[in-house]
Amino acid sequence: MATELRRVVFVLLPGTHPGCLMPALSVLLSANRMAEELCYQIECCTLDEQSMRAADGLLLQPSPLEQCAPGFAQLWLVAEHLSASDQLPDWLAPRLQQWQSEGVLIGGLEGGVAALAASGLLDGGQCAVHWRMVDEFRERFPAVEAVTQLFTREAQVCSSSGGQAGTDLLLAIVAQEQGQDLAALVAEDLVIERTRDGSERQRMPLRNRLGSSHPKLTQAVILMESNIEEPLTTDEIARHVCVSRRQLERIFKQYLNSVPSQYYLELRLNRARQMLLQTSKSIIQIGLSCGFSSGPHFSSAYRNCFGVTPREDRNQRRAQQAAEGTAKDN
């Protein structure tokens, strides 16, 4: 089986657990194993000379990226959170741009996509962002189109939303670089039933999330998720899905142990909390965008659901982030 050796460099951004490498790393290790020869030479780097210690005590001592020998074919920026890109060294962006111009495949895995966006490599293009990070990403990088698909590949730049999407992306790259036959062997070795295309949605089908495939329930929840800013009434939802209000309420009670209005309210409040903790939008703006007509109404509903007001929740998160930042510096 003809193969071509490629050096692959993974760059762990500050605060990243080495376990984030595993979905992508498992594909490359399997490719070497299935080919019965070295297809990929794997190296791990950080942005400085400091050792990395994860929260569970795992110690890693990778080499600094600046000392990495030239000639690698792929470079992957890896992070658990978008905030890992807050303090990137000035030399990184021009270096990434140079490597891309030289034909190196540059990629970001999960929170590492923020470092790609900060470098300017994604301006005017698309980026796959994990659904829980997408609001924060869109606010921080308006020049980049954040999408909630599994991964993207554009002109020597790749992005993966994280988790098993990294496996899908690396399998696609192995297929392109080493052939579809080897990629199929790798998928079989990793017990992957099917390889997913990058354009597929991240989140599991709604029927799986709901624990039910009842068509009227699915239709109703899709309507709710599509009308967050201007909520529909229960009667309007019932008309859209062609059932009576009482029938709709019975379906929600049977499958979700809730009533449509309460489920809808919690859906909007969870969306509001995601925006509150990930963006800098004002509390009033967030409340209005999630269908609350006034600040007091939003604050009261939020407190009833989460036990704190929106302002208290945001302040607690900021204090937690500040404490974590201080701990890392020390």
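Look up a bit, the structure's there.
Residues numbered from 1 in each chain as written. Predicted model: local features only at pLDDT ≥ 70, side-chain atom pairs only at ≥ 80, totals over all residues. Heavy atoms only, no water.

## Some points on the environment of Val9
Turning to step 1, where the next piece is worked out: Mapped onto the secondary structure, Val9 falls in strand β1 (residues 6-12).
Turning to step 2, where the next piece is worked out: Val9 gets classed as buried once you look at its relative accessible area, which sits at 0%.
Turning to step 3, where the next piece is worked out: Distance in space between the C-alpha atoms of Val9 and Cys44 is 5.7 Å, their sequence separation being 35 residues.
Turning to step 4, where the next piece is worked out: Contact partners of Val9, with chain neighbours within four places excluded, come to Glu43, Cys45, Leu65, Cys68, Phe72, Gln74, Leu75 and Trp76. (Helix = DSSP H or I, 4+ residues; strand = E, 2+ residues; numbered from the N terminus. Buried < 20%, exposed > 50% of the residue type's maximum accessible area, 1.4 Å probe, protein only. Contact = heavy atoms within 4.5 Å.)

## Brief notes about the side chain of Glu110
Turning to step 1, where the next piece is worked out: For Glu110, the position within the fold is in strand β7 (residues 105-110).
Turning to step 2, where the next piece is worked out: By relative accessible area, Glu110 is classed as buried at 17%.
Turning to step 3, where the next piece is worked out: Not counting chain neighbours up to four residues away, the residues in contact with Glu110 comprise Ala79, Glu80, Arg132, Met133, Ser160, Ser161, Gly162 and Gly163.

## With respect to helix α13 (residues 295-306)
An α-helix turns once every 3.6 residues. As a result, residues three or four positions apart point the same way.
Turning to step 1, where the next piece is worked out: Over its twelve residues, α13 extends 16 Å from the first C-alpha to the last, a length consistent with the 16 Å expected when each residue adds 1.5 Å.
Turning to step 2, where the next piece is worked out: Taken together, the buried positions of α13 are occupied by Phe298, Ala301 and Tyr302. Each buried residue of α13 lies within a common arc of 100° when the element is viewed along its axis, so the set occupies one face. The exposed set on the far side of α13, more than 90 degrees from its buried face, consists of Pro296 and Asn304.
Turning to step 3, where the next piece is worked out: Two or three places before His297, at the opening of α13, Ser294 has a side-chain oxygen 3.3 Å from that residue's backbone nitrogen.
Turning to step 4, where the next piece is worked out: In the segment just after α13, Gly307 is the residue with positive phi, at about 85°. (Expected span 1.5 Å × (residues − 1). Arc of directions from axis to C-beta. Polar contact = N/O pair within 3.5 Å; in protein donor to acceptor, adjacent residues only side chain to side chain.)

## A short note on the sheet that holds strand β5 (residues 63-64)
Turning to step 1, where the next piece is worked out: With mixed pairing, the seven strands of this open sheet are ordered in space as β5-β2-β1-β6-β7-β11-β10. If you trace the sheet from one side to the other, it starts and ends with β5 and β10 (151-154), each paired once.
Turning to step 2, where the next piece is worked out: Sheet topology places β1 next to strand β2 (residues 40-46); six bridges connect them, and they run parallel. Across the sheet, the residue bridging to Arg6 is Tyr40, located in β2.
Turning to step 3, where the next piece is worked out: In the packing of helix α5 (residues 165-178) onto the sheet, contacts are made with β1, β2, β6 (74-79), β7, β10 and β11 (157-160), and the angle to β10 comes to roughly 35°. (Pairing = 2+ DSSP bridges. Axes fitted to C-alpha atoms, helices over the stretch in contact; angles between N-to-C directions.)

## Some words on the pattern of salt bridges
For side chains of opposite charge, pairing can occur when their charged atoms come near one another.
Turning to step 1, where the next piece is worked out: In total, this model carries eleven salt bridges according to the counting rule given.
Turning to step 2, where the next piece is worked out: Between Arg33 and Asp189 there is a salt bridge, and its shortest N-O distance comes to 2.5 Å. Here Arg33, found in helix α1 (residues 22-35), pairs with Asp189, found in helix α6 (residues 180-189); they are 156 residues apart in sequence, far enough to count as distant.
Turning to step 3, where the next piece is worked out: The partly exposed category is assigned to Arg33, whose relative accessible area is 45%. (Salt bridge = Lys/Arg side-chain N within 4 Å of Asp/Glu carboxyl O.)

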